[in-house]
Amino acid sequence: MAGLHGPDPGVDRHARSDIGLCATPLSWDEVQAIVADGSRTSMRVLGRSRGMLQSYLEFKSRIDRLYVSMVDRIMIEVFKCEWKVNEDQKVEHVPRPSGSTSNSGPFFVQNDFPYHLQPGIEHYLLWSDRIMLDEEVEEYLRSDPVARQSSSWLAFVNPTELQSIPEIHHVHVLLKVV
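The structure displayed is predicted, hence computed values, not measured ones. (Residues numbered from 1 in each chain as written. Predicted model: local features only at pLDDT ≥ 70, side-chain atom pairs only at ≥ 80, totals over all residues. Heavy atoms only, no water.)

**Describing the sheet that holds strand 3 (residues 107-110)**
The antiparallel open sheet is built from four strands, whose spatial order is 3-4-6-5. Only two strands of the sheet have a single partner each, and these edge strands are strand 3 and strand 5 (152-156). Averaged over all pairs of adjacent strands, the angle between strand axes in this sheet comes to 25°, irrespective of strand direction. In terms of strand pairing, strand 4 (residues 121-128) meets strand 6 (residues 169-176) through eight bridges, oriented antiparallel. Counterpart to S128 in the pairing with strand 6 is H169. Sheet contacts for helix 5 (residues 134-143): strand 3, strand 4, strand 5 and strand 6; angle to strand 5, the most-contacted strand, approximately 145°. (Pairing = 2+ DSSP bridges. Helix = DSSP H or I, 4+ residues; strand = E, 2+ residues; numbered from the N terminus. Axes fitted to C-alpha atoms, helices over the stretch in contact; angles between N-to-C directions. Contact = heavy atoms within 4.5 Å.)

The following block contains the structure:
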């Protein structure tokens, strides 16, 4: 997994004008430098295009109307947890019994709202019900058929304050495809 320390990548031309927005698509070299730096300032550069950000905000608004939270949506859609409608007529997941390992992940899925990246870079998420060690992430990616088709990958966890869903452990995986 990519380290989180290193030199300043000098990515000013991509600076966000508002939270979550990246003005121009990032190249593989730029993303490598950002992830290697790992600072909050650097990681904030990873954002969506204006259109993708708008789509994400609209999606989040729909989720807020239908589900108790985004966590519930992820637990139901990704982890395949059972669900119920609560007294507020919102969908919520039914927590698994303590110690249950069924549907605990990891789950490797393409990000529906990827960062603004140049063509040839795909954005995935590796969801897990527990924190995965770097070695576990690398082992998973080496065995995954989609990741194995890429020429290279970057895997990282955003700093807590930049995580849109901090309640569920997830690793961002960027694949360089040929």
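**Some details on the pattern of salt bridges**
Applying the stated criterion to the full structure yields six salt bridges. One salt bridge in this structure joins D129 and R96, with 3.1 Å as the shortest N-O distance. Taken together, the residues span a long stretch of sequence, with D129 in the loop between strand 4 and helix 5 and R96 in the loop between strand 2 (91-93) and strand 3 at a distance of 33 residues. A residue is classified by how much of its surface remains accessible, and R96, at 23% relative accessible area, is partly exposed. (Salt bridge = Lys/Arg side-chain N within 4 Å of Asp/Glu carboxyl O. Buried < 20%, exposed > 50% of the residue type's maximum accessible area, 1.4 Å probe, protein only.)

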